[in-house]
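What follows is the residue order along each chain.
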Amino acid sequence: MFAGETLHAACCSLQFFTSLGAFTREYRYQITEQRTEQVYGDQSLRPRGGPMSLRLATRGCIRKVAVSWWRSSLGGFGWSRNMADSSGKMATAAGAQEPGGPVVKTEKQLKKEAAKNAKLAKYHEKMAMQKAQNAGEQAKPKEKKPVGKKAPTSFTYDIPTPPGEKKDVTIPLPSAYSPPFVEATWYAWWEKQGFFSPEYGRRTVSDPNPKGSFIITLPPPNVTGTLHLGHALTNAIEDSIVRWHRMKGRTVVWVPGSDHAGIATQVVVEKKLMRERGLSRHDIGREKFIEEVWKWKQEKGDRIYHQLRKSGCSLDWTRTFFTMDENLSRAVKECFVRLHDEGTIYRSNRLVNWSTRLKSAISDIEVDKVELEGKTLLSVPGYDRKIEFGQLVSFAYRLENSEEEIVVATTRIETMLGDTAVAVHPQDPQDMVGKLCVHPFCERRLPIVADDFVDMNFGTGAVKITPAHDHNDYECGKRNNLEFIEMMNDDGYITNICPQFQGMKRFDARTAVLEALKEKGLYRETKDHAMVVPVCSRSKDIVEPLIKPQWWLNCTDMARDAAEAVKSGAMRLIPSSHDRTWYHWLGNSRDWCISRQLWWGHRIPAYFVTFTDPSMPRGDPKEGEYWVSATSKEVALERAAKKFKIAKEKIVLKQDEDVLDTWFSSGLLPFSIFGWPDQTEDLKTFYPNSLLETGHDILFFWVARMVFFGQKIMGHVPSLRSPLSSSSSPSRPFLSPSPSLSSSLPLLLPPTLTKTTPSPPPQVYLHAMVRDAHGRKMSKSLGNVIDPLDVMGGISLLELQKKLEGGNLDPKEVERAKTGQKADYPDGIPECGTDAMRFALCAYTAQGRDINLDVKRVVGYRFFCNKIWNAMRFSLTNLGSEFTPNSAQELTDQETVMDRWILSRLSVAVDDCNRGFAEYDFPLVTSAIYNFWVYELCDVYLETLKPVLYGDDTSAKNVARNVLYTCLETALLLISPFMPFLSEELYQRLPRRSPSSPPSICVTPYPEQLKYHDPALDARVKLTQEVVRVIRSMKQDYLPAKAKPEVHLVCHTPEASDILSQFVGVVTTLSQCSKVNVMGGEGRVPGGCTMTTVGASVQVHLQLKGLVDFDKEVSKLEEKIRKINSQLEKLVKQEQVDGYEEKVPIEVRDATREKTQSLETERGQLEGALAGFRSMKE
């Protein structure tokens, strides 16, 4: 119908090419919709079809229709008119008369003119008919067609439904699956009904549940922006797990929240201030800046929650948190104070990772390690030129009062301004230890010391030591009691240690120092050198090690306990491949710098104490002796008075300006979100959690720290509860708190949590990381960071690029990102829907591997949704409005063999799904679901059911309908954790077995082990399916699409003969043959057949005689083979050109090689078919 409308419109407007483009796009999707089961789906599961076959099939269809259109509709007035004009001009030229004279037309010209007039008359008649038809069409309501390359025709749900009210499911289902229609109104209803709350179905959360409980916290996304596909993967995995446990009848809590993201948020708001008002945070002051951040958070913070709701995440919104909320801030202060009191938190002047751009220390996770092979130019913020890295510069220090020298090498020549020693190995043969070098730019004397960390085989065997600006040198300086000289300030400028370089920017000083060394004759050489450059992930600045007075957390004991938890089996990492990394990191764990020089975040609850009494000694703020910590300034004053034994009136307190590292507050979340330090009902009931789940990239920066605090503060790892436990008690006793904490933690260990019951060890599931289709990490500057909403709803390229313009990227990065988007999404992103996106992400989650996700692959699962949709429409129609299912899923002994087979396959699917969820094997679950719906229910069972449903046997129909209902009901429950919207929409259309059935599929019990599995029957049908597959393949190779040939099956074993005789009707139906004959090995097969085998037991003979013109087919095949041979000759000649291997890029050579192999394979297939036809001719 659509093609006809388009053709008429195109003819009326005479805009052929414009209309053909729109027609091509729409017709391609129409073809796609019709060929879903042949083209899309789980590519790893489907050997036949694929995106390429879709394109080829679509091109062929479009080409045929377009040519037909051109010839039939335009031939009479488009081409013909132009040809007539051309002929007229030619005739005039041939029989030219003098100007003004009469033109004498030839007989041939007169005939052409008559033909032209006839065609014009026919054209006018046709136009009049079309005009009348169009007038009639305009009176009809038109279906809205999609714009651009979105998914097939989209339907919407337009019935007015108040928010939170149930959707009207009495209206007919649309003819095709449409995400906007399916996803409308359901989430608001779920939320209003309280299905996601642990209180649902019980009086209080502490009511015992014999089926157990499941508690998990959503890794809080940064409040700085929107979720991307990496977050979508986390959400899809966690929601599927949560929904499965909820359907298992357990008390489920999934807590949502967002992180204040100290550095990221401050950077975003600072850029916004500068862009909109031309002000820095220092211009408006700390208090006003914090107000600006809160204002920005209130405006933008809900975007993430909107995305989570649109993604179908079944979160308990009544417990939503933000890490800067008052109750969480109180928990952070309480934790800091307790750990400071016992000495685990201390103050020290030590090396930190410093960003001169942010003017703050940053954590290891915010440092990107950029590996360089040699000399490389990098862009550095604040410099107009690129800076050289990856070079090793050698220079000499002269010994004091001697002509001797010692040569050292460095990749950071500017840091030599802060050198305070030269180190050699204790066994170095040079007799240098104890001698002194002289610094060339000041009067500093540098001792030569012996230290084991020096590699004698590297360079000259001597190393310059800059204790204040290098981590290894820092430790060496401490061991050898060296001087720590700071040659660079917080802004990255050279200090006054060497006057001739004072005030220079650090990388300008790099060039100046090198030139000065050359002038003094101390420069030796420069050579390329592989190195790792630390880059701040936030500012793209080069990170510098600087000495700063900071607050530190002693991790030694906590790291040892965390490693032991995994080693002893008290905690389990999934997959176990992360165990080795866990041990390595914790075994080399350093103390954690928890200070950040920011304004946004949890301000450190520590106060420096000074006195108005001049008799009291003055403390050093770099040290910890004159600091007190407290949850408020008033309490700090009391504690200071008690500590220093002085009246409060003589004390002056100044709170530390710094804030805590964001990961500090995040590490407390498993218990702080439930009310700690108060002993709330939630804390008693929901701590410890059942599972920690996140990406493996933050294993140490979040998971390890949650384990640290869980063991230190709460006495055990935060995910200690077994999902099957019905008690609120942890599964093993709390570890005793340290003696220094015991007196200050009177409410830390509630009596109700001391009795325990055995259970499995706690689990930490670490999922794969999402990368783009090219294997690249998601990056805004690459343009490959995609909003899940754009995958669900579709987006054009133009709209995609507009989002970049409204972000925080620099103009150069915006252009780079646009280029990347244009390359990856030239036509934008088609509408996929929430359910398809969730299913796709989980389907490609293989434990221990990263996901190179091409967004276009998600489209395949959108068509899988349509497959389910069409199966349900067919089934609901054939069940009928009066159908009432049996009250229980029980066999009646009247089921056919195919009824028993589909129930057997359903049993296998149920077992695989439950096992996959229990083991976090999501590909196992998604494969089981996909295989059952597509290959077993739709491709086989529904086809074999049609003769029964269309027949007259009422009893057989009733049995078939009940089996079909059982399959649909169970299969919808299986997909519900992954596809909540689609499953709810269709489940609500099914009649219920009982009036007391749950109101929603999300609180309906998940299928348990069924008793229908029959392995022997599965094996018999498997042989039948293989025979059908072979017949279909042979038909595709030899016959036109609608041909129904006769087939002869020659069986060489009694078992095969018995099976195929039993299923001969099934084979006939599924292979769409006119007749299938089963015979023994001695049976005679008529002539005119082509043959292939199914293993060693069955020969399949396809009757071609009478259906195929052998001579014509032989000619066609010979012509195809000739064309392929010609193509192969050209490719071979290309490869034989002199210098081909050296001059032609490897990508081109690989493409040529692949094309050659493809053509050779195709030629072999054609030659096989040709031989078959020739033998049949004979």
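Rules used in this analysis
- Residues numbered from 1 in each chain as written.
- Predicted model: local features only at pLDDT ≥ 70, side-chain atom pairs only at ≥ 80, totals over all residues.
- Heavy atoms only, no water.
- UniProt positions renumbered as here; feature names shortened; annotations may be inferred.
- Helix = DSSP H or I, 4+ residues; strand = E, 2+ residues; numbered from the N terminus.
- Expected span 1.5 Å × (residues − 1).
- Buried < 20%, exposed > 50% of the residue type's maximum accessible area, 1.4 Å probe, protein only.
- Pairing = 2+ DSSP bridges.
- Axes fitted to C-alpha atoms, helices over the stretch in contact; angles between N-to-C directions.
- Contact = heavy atoms within 4.5 Å.
- Phe/Tyr/Trp six-rings, centres within 6.5 Å; stacked < 30°, edge-to-face > 60°.
- Parallel < 35°, antiparallel > 145°, perpendicular 65-115°, else oblique.
- Left-handed = near helix turned anticlockwise from the far one by under 90°.
- Nonpolar A, V, L, I, M, F, W, Y, C, P; charged D, E, K, R; others polar.

Taking an unreviewed UniProt entry as the reference, the protein is identified by name as Valine--tRNA ligase belonging to Geodia barretti. UniProt, in its Sequence similarities (unreviewed entry) section for the protein, records the words "Belongs to the class-I aminoacyl-tRNA synthetase family." UniProt annotates the protein under Function (unreviewed entry) with the comment "Catalyzes the attachment of valine to tRNA(Val) in a two-step reaction: valine is first activated by ATP to form Val-AMP and then transferred to the acceptor end of tRNA(Val)."

(A) Structural view of helix H36 (residues 1110-1135). Counted at 1.5 Å a residue, the expected span for H36 with its 26 residues is 38 Å, and the 37 Å between its end C-alpha atoms agrees. Considered for burial, the residues of H36 that qualify are Phe1110, Glu1113, Val1114, Leu1117, Ile1121, Ile1124, Leu1128 and Leu1131.

(B) Region of the structure containing the sheet that holds strand E24 (residues 651-655). Spatially, three strands are ordered E23-E22-E24 in an open sheet, and the strand pairing comes out antiparallel. At either margin of the open sheet sits one strand with a lone partner, and together these are strand E23 (627-629) and E24. Geometrically, the sheet is characterised by an average inter-axis angle of 35° between neighbouring strands, direction not taken into account. Here three bridges tie strand E22 (residues 606-611) to E23, and the two strands are oriented antiparallel to one another. Directly across from tyrosine 607, in E23, lies its bridge partner valine 628. Relative to the sheet, helix H13 (residues 326-341) contacts E22 and E23, its axis offset from that of E23 by approximately 130°. Along the sheet, helix H18 (residues 633-644) makes contact with E22, E23 and E24, crossing E24 at roughly 130°.

(C) Quick look at the packing of aromatic side chains. Inspection of the entire model under this criterion finds 47 aromatic pairs. When the centroid spacing of 5.2 Å and the interplanar angle of 20° are considered together, the rings of tyrosine 626 and phenylalanine 644 count as stacked. Highlighted residues: tyrosine 626 in the loop between E22 and E23 and phenylalanine 644 in helix H18, separated in sequence by 18 residues. Consider the rings of phenylalanine 917 and tyrosine 1006, whose centres lie 6.1 Å apart with planes at 85°: the pair is edge-to-face. Of this pair, phenylalanine 917 sits in helix H29 (residues 897-919) while tyrosine 1006 is found in the loop between helix H32 (980-987) and helix H33 (1015-1038), placing the two residues 89 residues apart along the sequence. Take phenylalanine 917 and tyrosine 1006: they sit in the same class, and that class is buried.

(D) Region of the structure containing the packing of helix H31 (residues 954-975) against H32. For the pair H31 and H32, interaxial distance at closest approach is 8 Å and the crossing angle is 155°. Taken together, the axes of H31 and H32 are roughly antiparallel relative to one another. Considering the relative orientation of H31 and H32, their crossing is left-handed. Facing H31, whose interface residues are Glu969, Leu972, Leu973 and Ile975, H32 presents Ser983, Leu986 and Tyr987. Partitioned by chemical class, the residues of the contact of H31 with H32 number five nonpolar, one polar and one charged.

(E) Representation of the sheet that holds strand E30 (residues 1046-1051). Here four strands make up an open sheet; going across it, the order is E31-E30-E33-E32 and the pairing mixed. At either margin of the open sheet sits one strand with a lone partner, and together these are strand E31 (1075-1080) and strand E32 (1089-1094). Within the sheet, the average angular offset between the axes of one strand and its neighbour, ignoring direction, is 20°. Note: E30 against strand E33 (residues 1098-1103), five bridges, orientation antiparallel. The partner of cysteine 1051 across the bridge, within E33, is valine 1098. Along the sheet face, helix H34 (residues 1054-1062) touches E30, E31 and E33 and points at about 150° away from the line of E30.

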